[in-house]
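Survey of secondary and tertiary structure
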Amino acid sequence: MKEVDYIVVGLGIAGISFCEELENNHKSFIAFDNDKVTSTKVAAGVINPVVLKRFTPVWNAKLHVSSSILFYKQLSKKIDSKLFQETSMFRIFKSIAEQNNWMVASDKKELEEFLEPKIIPNNYPHINAPFGFGKVNSTGKIDTIALIEKYKKYLQLEKKYQNNTFDYSLLTFKNQQVIYNNVVSKKIVFCEGSSVNTNPFFPKVAQHSKAAILIPNKGEYLTIKSNDLKLDAMLKSSLFIIPLGNDFYKVGATYDRDDVSVQVTTQARDELVLKLKEIITCDFEVVDQVAGIRPTTRDRRPFLGSLTDNQQLFFFNGLGTRGITAAPSLAKVLFNFTENSIEIPKEINIRRIYKW
Ligand SMILES: Cc1cc2nc3c(=O)[nH]c(=O)nc-3n(C[C@H](O)[C@H](O)[C@H](O)COP(=O)(O)OP(=O)(O)OC[C@H]3O[C@@H](n4cnc5c(N)ncnc54)[C@H](O)[C@@H]3O)c2cc1C
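Read on for an overview of the structure. (Residues numbered from 1 in each chain as written. Predicted model: local features only at pLDDT ≥ 70, side-chain atom pairs only at ≥ 80, totals over all residues.)

Across its full length, the protein chain holds six helices and 20 strands. For 356 residues, the compact-globule estimate of 2.2 N^0.38 gives 21 Å, and the C-alpha radius of gyration of the protein chain, at 21 Å, lies within 12% of that figure. By principal-axis analysis of the C-alpha atoms, the protein chain measures approximately 70 × 40 × 40 Å. Evaluated residue by residue, the protein chain yields a buried proportion of 42% over its 356 residues. Put simply, of all contacts in the protein chain between residues at least 6 apart along the chain, 72% involve residues at least 24 apart. (Helix = DSSP H or I, 4+ residues; strand = E, 2+ residues; numbered from the N terminus. Rg over C-alpha atoms; globule rule 2.2 N^0.38 Å. Buried ≥ 20, exposed ≤ 12 C-beta atoms within 10 Å, placed from the backbone. Contact = placed C-beta atoms within 7 Å.)

Quick look at the structure:
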């Protein structure tokens, strides 16, 4: 029997951030991941403090952005991979009214550090932006593929990772112990993203409304190659265009609550290509397409903590559309609860679902 402090199920950004919290606090663990349905691996990996549709700050922008940038920089050193790249972000203005709204927003206390208070003219010959851009500060992107692959390799070398599906039917609780196959643990943390809907310990629908608790939201991204685009910043309009280097760009994303498969669709490809052609005026070729499932919640807040008084079984889920940014600081909140009994704020405590 292998004895550990924690079992962690799922190694997307929720699982990775929690494992890091465990390592930093000298707790032993074993993590399981089956690499099947992922959100983290296909995410654009954009760190951005502003909702660029309405020019408002994202939830907990200051804390989440600063802690995530620090987290990815430190993790880069640890796993020997350049995960974080500081990259400028420009919001394309569609009208003079939008320019004015930007200037008003940039004067607000909660946004002044994030929005440059000026209109930047468009000097890219193949970008359609006659009203120019607004520049967002404190932005960057994470190489999520490197993050997952390198982190799993790191854990494998440390003998802390098993690449297989966690079988819930083999899990038992006995005398304050969590037992799974040949592992005995003190606690278990489920970080399965949208696949939590197959976890028998997680309720599928709300008690009162019978509405779904964890809502899968499919997103697709294209990779394009364009020799002439020569874009060196991330652009946001009706979609994101993200430079990857060597004339490759990521373009997306779509949102679909009805299709929960991870298969890519021609419908998404057509939608993205149509929108892209409104923004860029040069030739491009679609070279790849990926799909992932975002684990979203109806109040757009994550699920952290335990559903019962059994202080052995915990969830870290509901990271929604901005998990890459939010997960590192949320992992600290969860760890403080599992180890130090520091109460999780109501807004993000999974127990709020009992009122739904
Ligand atoms: C197209 C797209 C673009 C996005 N862009 C951004 C962005 O730019 N910035 C941002 O901050 N966020 C972005 N997001 C959101 C972000 O990806 C998610 O919030 C976050 O990745 C969710 O992480 P997670 O760890 O909860 O779930 P996941 O990444 O889905 O990880 C769950 C893991 O658990 C594993 N698993 C599940 N069940 C089991 C089991 N029984 N046994 C073993 N393993 C299991 C799965 O295989 C998976 O690897 C984007 C999402 C999508 C889909």
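From this point, the narrative continues.
This part is about the site of the ligand. The immediate surroundings of the ligand are formed by 42 residues, with Gly 10, Gly 12, Gly 193, Gly 219 and Gly 323 found nearest. Of all the elements in the fold, those that place two or more residues in the shell around the ligand are α1 (13-24), β14 (215-225), β18 (285-296) and α6 (323-340). (Near = placed C-beta within 6 Å.)

In a pair of packed helices, the angle between the axes and the distance between the axes together describe the arrangement. Direction vectors running N to C along helix α2 (residues 61-79) and α6 enclose 85°, while the axes themselves pass 8 Å from each other. Our classification of the angle between α2 and α6 gives roughly perpendicular. Contacts between α2 and α6 involve Leu 63, His 64, Val 65, Ser 67, Ser 68 and Phe 71 on the former and, on the latter, Thr 325, Ala 326, Pro 328 and Ser 329. (Axes fitted to C-alpha atoms, helices over the stretch in contact; angles between N-to-C directions. Parallel < 35°, antiparallel > 145°, perpendicular 65-115°, else oblique.)

Time to look at the sheet that holds strand β6 (residues 84-86). The pairing of strands in a sheet comes from backbone hydrogen bonds and takes either a parallel or an antiparallel form. The three strands lie next to each other as β3-β9-β6, forming an open sheet whose pairing is antiparallel. What marks the edges here is a single partner per strand, and that holds for β3 (46-47) and β6. Examined bridge by bridge, β6 and strand β9 (residues 140-142) share three bridges and lie antiparallel to one another. Bridge pairing in β9 places Phe 84 opposite Ile 142. Together, β3, β6 and β9 form the strand contacts of α2, whose direction differs from that of β6 by roughly 125°. (Pairing = 2+ DSSP bridges.)

As paired strands, strand β11 (residues 171-174) and strand β12 (residues 177-180) are joined by four bridges and run antiparallel to one another. Paired with Phe 173 across the bridge in β12 is Val 178.

Our next topic: the sheet that holds strand β15 (residues 234-236). Taking strand neighbours across the sheet as the criterion, the seven strands line up as β8-β7-β15-β16-β17-β14-β18 in an open arrangement whose pairing is mixed. Strands at the two margins of the open sheet, each flanked by one partner only, are β8 (133-136) and β18. Ignoring strand direction, the axes of neighbouring strands in this sheet form an average angle of 25°. Sheet topology places β14 next to strand β17 (residues 248-252); five bridges connect them, and they run antiparallel.

The step from Gly 252 to Ala 253 runs through a cis peptide bond, and the omega angle for that step is 10°. Summarising the element assignment, Ala 253 is placed in the loop between β17 and α5 (266-279). With a phi close to 45°, Asn 175 is a non-glycine residue in the positive phi region. Looking at the secondary structure, you find Asn 175 in the loop between β11 and β12. Here Asp 247, not a glycine, exhibits a phi torsion of approximately 70°, which is positive. Relative to the elements of secondary structure, Asp 247 occurs in the loop between β16 (240-245) and β17.

The subject of this paragraph is α5. For α5, built from 14 residues, the straight-helix expectation of 20 Å at 1.5 Å per residue is met to within 8% by its first-to-last C-alpha distance of 20 Å. Among the residues of α5, those classed as buried are Ala 268, Leu 272 and Leu 276. Each buried residue of α5 lies within a common arc of 60° when the element is viewed along its axis, so the set occupies one face. Away from its buried face by more than 90 degrees, α5 exposes Thr 266, Gln 267, Asp 270, Leu 274, Lys 277 and Glu 278. Considering only its buried residues, α5 is in contact with β14 and β17. (Expected span 1.5 Å × (residues − 1). Arc of directions from axis to C-beta.)

Of all hydrophobic cores here, the largest spans 93 residues; its most connected members are Val 8, Phe 18, Ala 31, Val 189, Val 251 and Phe 316. A total of seven residues in this core trace back to one element, the largest contributor, which is α6. For Val 8, the contacting residues outside a window of four places in its chain are Gly 15, Phe 18, Cys 19, Phe 29, Ala 31, Val 189 and Cys 191. (Core = buried A, V, L, I, M, F, W, Y, C linked by C-beta atoms within 7 Å.)

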